[in-house]
Amino acid sequence: MVYLIIGHKGSGKTKHLIDEVHKAVEVSMGHVICVEKSRKLTYDIDSRVRLVSADDFAVSGYDAYYGFLAGMCASDNDLTDVICDGTLKIGGTDMAALADFFAKVRSLGDVTETRFVFTVSADVDELPKEIFDNCEQI
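Residues numbered from 1 in each chain as written. Predicted model: local features only at pLDDT ≥ 70, side-chain atom pairs only at ≥ 80, totals over all residues. Heavy atoms only, no water.

Novice: What is the right way to look at the overall build of the protein chain in this model?
Specialist: Each helix and strand counted, the protein chain has four helices and six strands in total. Its helices and strands in sequence order give the protein chain the pattern β-α-β-β-α-β-α-α-β-β, from N to C terminus. Taken against the 2.2 N^0.38 rule, which gives 14 Å for 138 residues, the C-alpha radius of gyration of the protein chain at 14 Å falls within 12% of a compact globule. Counting only C-alpha atoms and orienting by the principal axes, one finds that the protein chain spans roughly 35 × 35 × 30 Å. For the protein chain, the residues scored as buried account for 47% of the 138 residues in total. By sequence separation, contacts in the protein chain at least 24 residues apart represent 71% of the contacts at least 6 residues apart. A total of about 7000 Å² of accessible surface is found on the protein chain, and carbon and sulfur atoms cover 50% of it. Side-chain charges in the protein chain split into 14 positive and 23 negative, and the spacing between the mean points of these groups amounts to 5 Å. (Helix = DSSP H or I, 4+ residues; strand = E, 2+ residues; numbered from the N terminus. Rg over C-alpha atoms; globule rule 2.2 N^0.38 Å. Buried < 20%, exposed > 50% of the residue type's maximum accessible area, 1.4 Å probe, protein only. Contact = heavy atoms within 4.5 Å. Areas by Shrake-Rupley, 256 points an atom, 1.4 Å probe, with all protein chains shown as cover. Lys, Arg positive; Asp, Glu negative; His and termini not counted. Charge placed at Lys NZ, Arg CZ, Asp CG, Glu CD.)

Novice: Help me understand the environment of valine 111 in this model?
Specialist: Tracing the sequence through the fold places valine 111 in helix H4 (residues 95-112). Along the primary structure valine 111 and cysteine 73 are separated by 38 residues, whereas in three dimensions their C-alpha atoms are 9.7 Å apart.

Novice: Honestly, unusual backbone geometry in this entry has me stumped. Any pointers?
Specialist: If you check the backbone angles, alanine 58 has positive phi at about 55° while not being a glycine. Checked against the element boundaries, alanine 58 lands in the loop between strand E3 (50-53) and helix H2 (62-75). Relative accessible area serves as the criterion here: at 66%, alanine 58 is assigned to the exposed category. Within the chain, glutamate 113 stands out as a residue other than glycine whose phi angle is a positive 55°. Mapping glutamate 113 onto the fold places it in the loop between H4 and strand E5 (115-120).

Novice: How should I be thinking about the layout of surface pockets in this particular structure?
Specialist: Any empty space left between atoms is shown by rolling a water-sized probe over those atoms. In this model, the largest pocket occupies a volume close to 310 Å³. Contributing to the lining of the largest pocket are 18 residues, with Thr14, Lys40, Asp85, Lys89 and Ser121 lying nearest its centre. At the level of secondary structure, the elements contributing two or more residues to the lining of the largest pocket comprise helix H1 (13-27), helix H3 (87-91) and E5. Here the lining of the largest pocket takes three residues from H3, the largest share from any one element. Here the lining of the largest pocket is composed, by residue class, of two nonpolar, nine polar and seven charged. (1 Å grid on protein atoms, 1.4 Å probe; cavity = no way out; pocket = protein on both sides within 12 Å on 5 of 7 lines; lining within 4 Å. Points joined across faces, edges and corners; volume = space filled by probe spheres on them. Nonpolar A, V, L, I, M, F, W, Y, C, P; charged D, E, K, R; others polar.)

Novice: When you look at H1 in this model, what are you seeing that I'm missing?
Specialist: Residues lying three or four places apart along an α-helix face the same way, a consequence of the helix completing one turn every 3.6 residues. In a regular helix each residue adds 1.5 Å, so 15 residues correspond to 21 Å; H1 covers 21 Å between its end C-alpha atoms and thus fits that length. All of the buried residues in H1 are Lys13, Leu17, Ile18, Glu20, Val21, Ala24 and Val25. Along the axis of H1, the buried positions cluster into a sector of 160°, meaning they face one direction only. Away from the buried face of H1 by more than 90 degrees, exposed residues Lys15, Glu26 and Val27 are located. Tucked inside the fold, the buried residues of H1 contact strand E1 (2-6), strand E2 (31-36), strand E4 (79-84) and E5. (Expected span 1.5 Å × (residues − 1). Arc of directions from axis to C-beta.)

Novice: Looking at this structure, I do not really get the pattern of salt bridges. What am I missing?
Specialist: Side-chain pairs of opposite charge can arise where the charged atoms are in close proximity. All chains considered together, the criterion is met by 11 salt bridges. With a shortest N-O distance of 2.8 Å, aspartate 55 and lysine 37 are connected by a salt bridge. Within this pair, whereas aspartate 55 is found in the loop between E3 and H2, its partner lysine 37 is found in the loop between E2 and E3, the two being separated by 18 residues in sequence. Here lysine 40 ties to aspartate 85 by a salt bridge, and the two come within 3.7 Å at their closest N and O atoms. You can see lysine 40 sitting in the loop between E2 and E3 and its partner aspartate 85 sitting in the loop between E4 and H3, a full 45 residues away along the chain. Residue class for lysine 40 comes out partly exposed when judged on its relative accessible area of 48%. Salt bridges sharing common partners tie together Glu20, Lys23, Asp81 and Arg115. (Salt bridge = Lys/Arg side-chain N within 4 Å of Asp/Glu carboxyl O.)

Shown next, in the form of structure tokens:
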């Protein structure tokens, strides 16, 4: 399943994301990865979690972002949770592309049995309704 933490800048999304990371690492029987645009969460994330900066791998746009996530899932059969901060900063602000991205990630999660969590800097009413066909707000 794909879960979303939604809200504008300053609304507490990143703190919620950090809480989700810590919950995941406590219950996971496998690996947890946290993806962010740059390296700002280094000291906030439990050392058992692999912290990955999308900028280090030149990930930009939703097609590249999906390929990046799919590669992680393909290379680690023990991956249980992928928790991502700064979705719009990495993928862009095209809401139709965002909806397509979440549909593909939902399928990826179903196939690999991986739970995905993303932060989205927007109000719920700014997002296309079809996003919620594939995602659940937390």
